[in-house]
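Residue-level structure breakdown
The residues making up each chain are set out below.
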Amino acid sequence: QVQLVESGGGLVQAGGSLTLSCAASGSGFSISAMGWYRQAPGKQRELVATITRGGNKNYADSVKGRFTISRDNAKNTVYLQMNSLKPEDTAVYYCAAQRTRPYSTSVMDYWGKGTLVTVSS
């Protein structure tokens, strides 16, 4: 079983920055892609960013140029650096990870409990 634990959420003023971290732990697992998703109250969960083991990145249009996803494969940890934050970025941010498969897929297998990011205006 794999557990994902997010950290770094909190309250920040518009225009400010936060960095989220997510560490995967457990036994007998191998992680391929990792990513961040978010869900605002009353809204659908949406993709924020993903990153493959090889470092290929994908971002939602709403965060391109402001957010940066990165990872440390040795630590099974993924980060999300968030700059120029806007009130509309306010949401619960969830870390997700994909177990290694012999084929390509977008499915995420493991999810964290989420961390709240609140951006004040």
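The structure under discussion appears in the preceding block.
Scoring rules and cut-offs
Residues numbered from 1 in each chain as written. Predicted model: local features only at pLDDT ≥ 70, side-chain atom pairs only at ≥ 80, totals over all residues. Heavy atoms only, no water. Phe/Tyr/Trp six-rings, centres within 6.5 Å; stacked < 30°, edge-to-face > 60°. Lys NZ or Arg CZ within 6 Å of the ring centre and 35° of its normal. Pairing = 2+ DSSP bridges. Helix = DSSP H or I, 4+ residues; strand = E, 2+ residues; numbered from the N terminus. Axes fitted to C-alpha atoms, helices over the stretch in contact; angles between N-to-C directions.

**Topic: the packing of aromatic side chains**
Tallied over the entire structure, the rule returns 1 aromatic pair. One residue, Arg45, lies across the ring of Tyr37, its end atom 5.6 Å from the ring centre.

**So, the sheet that holds strand β7 (residues 67–72)**
Sheets are built from strands that pair by backbone hydrogen bonding, the pairs being arranged parallel or antiparallel. Strand order in the open sheet formed by 4 strands is β1-β3-β8-β7, and the pairing between neighbours is antiparallel. Each having just a single partner strand, β1 (2–7) and β7 make up the two edges of the open sheet. Going from strand to strand, the sheet's axes swing by 15° on average, the running direction of each strand aside. The sheet contact formed by β1 and strand β3 (residues 18–26) spans 6 bridges and is antiparallel. In the sheet register, Gln3 faces β3, and the bridge partner there is Ser25.

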